[in-house]
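Residue-level structure breakdown
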Amino acid sequence: MSTVLPRLVVAAPASGHGKTTIATGLMAALARTGLKVSGHKVGPDYIDPGYHALATGLPGRNLDPHLLGEERLVPLLQHGAAGADLAVVEGVMGLHDGMLGTDGYASTAHVARATDSPVVLVVDVSSASRSIAALVQGMVAFDTSVRVAGVVLNKVGSTRHADEVVRALESTGVPVLGIVHRDDGVVAPSRHLGLVPAAERDDAAAALDRLATRVAKAVDLEEVVRIARSAPTLQGAAWDAADEVGPPPAGPRRVVAVAGGRSFTFRYAETVELLDALGCDVRVFDPLHDESLPEGTSGLYLGGGFPEVHAATISANEPLRHAIADAVAAGVPTVAECAGLLYLCRSLDGAPMVGALPADAAMTPRLTLGYRTAVAPGEHLLAPVGGRVTGHEFHRTHVTPSSGADDAFGVAWTSAHGEAGFASPTLHASYLHTHWAGHPRMAARFAAAVHAAPRWSSSPDGERQRARPDVSRPPGSGCSTSEDLPAGRVADAGEGRASRGRIETTRQRFSATDPLRHHGDVEATEGLVDLAVNVHDGPRPTWLDDALRSALDDVGRYPDAREAEAAAARRHVRPADEVLATAGAAEAFTLLARARDWQHPVVVHPQFTEPDVALRQAGHDPQHVRLGHDFALEPDRVPDDADLVVVGNPTNPTGVLHPAWAIRALARPGRVVVVDEAFMDAVPGEQHSFAGAPAGVPGRGRQTGTALPGVLVVRSLTKLWSIPGVRAGYVLGDPDLLADLRAQQPPWSVSTHAAAAIVACTSDDARAEATRRAADVGRNRAVLTDGLDELGVHHLPSSAPFVLARVGPGVHGALRDAGWAVRRADTFPGLDDAWIRVAVRAPDVTRRFLAALAQVRS
């Protein structure tokens, strides 16, 4: 039997060249022409096929020699492309990169050879021109059994740049099929395990539409189709689920409940087809929102996904957690892979989960990634004793303990990496992802158990019956007894009142004569988990602690800040007279307020309130100018006669990072513009800073700082370096302006320790560490914002180590009563008590907070 199937493989020299973007764009653009396109992915990846499905309207499919066996690649390709006019296969990593030590086994080139498919190479040319030709020539010559039929140039900077690359490629004989210019708007967002799944992106369809339009304009689609049609006829029959597993078990069809929705997006299409062939009706339920399992559930399949991102919402869905726990305890056959394993644990980063397994899960900085060959040490739901399977692992979590070791649960698998997973005759839970098309016996064993098991129901009258006490809830998860409160807190007589009553108590507790003097430190009282103060929660660098200790040797002399000012000048590539060391940013604002007889000072709000306070204490009456739509800076709102304008960037408490052009538009003769950059060191690359770091970078450098008359930049070392008690900062700007500030500064106001901190925190070591910390802040902030999205909580896009969220009136106080300190926002001009500011913390703390927030809001 033979099949005519036009097809091509989209590959690249390495990861990061844009394979997913171009491959998905090609699928969508070709589908727009009226062709029926099937999408396929080399390797085990679940996320890319989700984008392929969105682009083609057909299920995304995987082609992985390790998971499936080389002999199944062509049959599965034919099966997935049945009825399609053309198949597009997206590669993995670099074209020739496969399993280590195997000469490219399971690589893109391996699959291209096995399916006899031509290859279209996607090359990121952003950092080279003529050298691209040498790279492409090397890819062509390395393995001549792989036919490179064309190249798409990606991330092109300009027409001139493209012309240079195209001329160089003429010598290779490889035609250029398209030239795609840089466009961040068509790049999918990412998180700790790669791209964000399409099912989790509300903007996925719109982004795909933009991508399809862009690729259609940039790539010669007719030539792409011609290359696909040059592929030879495929031999052999297409894969068929019924042929793989034989007739279904006797008796009526049974319901298998499959976890889905935004938190469980990973499963292979063939898994559902195999279960269907085995007499099982798959019904999808959503752990985020559904409160019960589908009626008549006889089996559970909990596949992969991102429960760690959605932990708060999953945890808040107590009815479903209890229903699944009862089903597992009742012996309902259950398969849980990776995300499913986490879901069945007692807790995930402190958030209560199902509690069916005697284990706890937590995020870790270490990525576990790789193919596995595993053996079942004992008979269990999916395998006989000695059963051998191939699979893969891909996670940044760890389960403790990592495997079963008692009468209830044994070890699921053993491999070169040790024992792992939990198994019994009715349960399999492990990190190992397997593709049942490569191991149809696993599907058959599971289906047989499903058919043999009695249909499970929550109870005869439809109400859930508890099979055992709930032991999955950790302290502080919304209980009202004193034993369950966070350490250090004692329940008071008012505990358990309605949230509105609690917030009134909180307001009384924290009301101040002047709300502008209210700061987060007064909220972070003993016994509460602190998400109110924006100080970095990691340990201080050793070199900083050493510098502070060494400063003790100099406290017998009066402090001298000149060395500190010279160090800050070197850090920002400025002359030393353009730096004034201060006792933190607060002193800088006091000096500024007293430096001149300001006639029309303006403070842009909402923002840090100390500039307002300092101006009033100096006898001025500052005007408040509100930020515009989405709290963006609109320079036209500032009165023309304002002689002093104070603005934060990124702004506290909104976290909004204003573009350099907007701040530059504020500058004019006779006006001083003060930019509070207390949180700029948490922004990767310090984009849009006016501090004067390396020249030549748009929005940064000496061009934006000193070239603008009257611009002062205030920097603080308190936040990123975790030293609020040291009071260290500095001001950058015009020497004449700084001279006016210096004239107001008391002698020796910058302490010996503050000066030492400035020297240490502007060193080369500090710059490297700041880069790492900024990246950590970004990753940890994503955990918070993703969780807020899942809870339906509106929040502002933030570039700072905090997030401003609109949770509604009363929630601030209710969170406090639940043991969590967040910053009230109604003391910032322009905000009310519906807003809170939440500091970015480590993922485990954030997920526990999100669970508490979900509990409070429910």
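Turning to its location among the elements, Ser117 is positioned in the loop between helix 5 (108-115) and strand 6 (119-124). You can call Ser117 buried: its relative accessible area is 6%. Here Ser117 is in contact with Arg7, Val9 and Ala112, once residues within four sequence places are set aside.

Before going further, it helps to examine the pattern of salt bridges. Throughout the structure, instances matching the rule amount to 38 salt bridges. Note that Arg517 and Glu610 form a salt bridge whose closest N and O atoms lie 3.5 Å from each other. Separated by 93 residues along the polypeptide, Arg517 in the loop between helix 16 (499-510) and strand 23 (529-531) and Glu610 in helix 20 (residues 610-617) bring together distant segments of the chain. Judged by its relative accessible area of 13%, Glu610 falls in the buried class. In this structure, Glu677 engages Arg715 in a salt bridge whose closest nitrogen and oxygen atoms are separated by 3.0 Å. With a gap of 38 residues between them, Glu677 in the loop between strand 28 (672-676) and strand 29 (711-716) and Arg715 in strand 29 connect regions that are remote in the sequence.

On to helix 18 (residues 562-571), then. Given 3.6 residues to a turn, an α-helix orients residues that are three or four positions apart in the same direction. Those residues of helix 18 that fall on the buried side of the exposure criterion are Ala564, Glu565, Ala567, Ala568, Ala569 and Arg571. Where the residues of helix 18 are buried, they touch strand 24 (579-582), strand 30 (729-733), helix 22 (735-744), helix 23 (752-761) and helix 24 (764-790). Phi turns positive one or two residues past the end of helix 18, at Val573, with a value near 55 degrees.

So, about the packing of aromatic side chains. Between two aromatic rings, the relevant description is the distance of the centres plus the angle of the planes. Scanning the model with the defined rule gives 13 aromatic pairs in all. Through a chain of ring-to-ring contacts, three or more aromatic side chains come together here, namely Tyr46, Phe266, Tyr268 and Phe306. Positioned over the ring face of Phe802 is Arg837, at 5.6 Å from the centre of the ring.

Another aspect to go through is the sheet that holds strand 8 (residues 176-181). Here seven strands make up an open sheet; going across it, the order is 4-3-5-2-6-7-8 and the pairing parallel. Each of the sheet's edge strands pairs with one partner strand only, and the pair in question is strand 4 (61-63) and strand 8. Strand-to-strand twist in this sheet, taken as the mean axis angle between neighbours without regard to direction, amounts to 25 degrees. Packing against the sheet, helix 5 makes contact with strand 2 (7-11), strand 3 (37-42), strand 4 and strand 6, and its axis sits at approximately 170 degrees to strand 2.

The rules behind these values
- Residues numbered from 1 in each chain as written.
- Predicted model: local features only at pLDDT ≥ 70, side-chain atom pairs only at ≥ 80, totals over all residues.
- Heavy atoms only, no water.
- Helix = DSSP H or I, 4+ residues; strand = E, 2+ residues; numbered from the N terminus.
- Buried < 20%, exposed > 50% of the residue type's maximum accessible area, 1.4 Å probe, protein only.
- Contact = heavy atoms within 4.5 Å.
- Salt bridge = Lys/Arg side-chain N within 4 Å of Asp/Glu carboxyl O.
- Phe/Tyr/Trp six-rings, centres within 6.5 Å; stacked < 30°, edge-to-face > 60°.
- Lys NZ or Arg CZ within 6 Å of the ring centre and 35° of its normal.
- Pairing = 2+ DSSP bridges.
- Axes fitted to C-alpha atoms, helices over the stretch in contact; angles between N-to-C directions.

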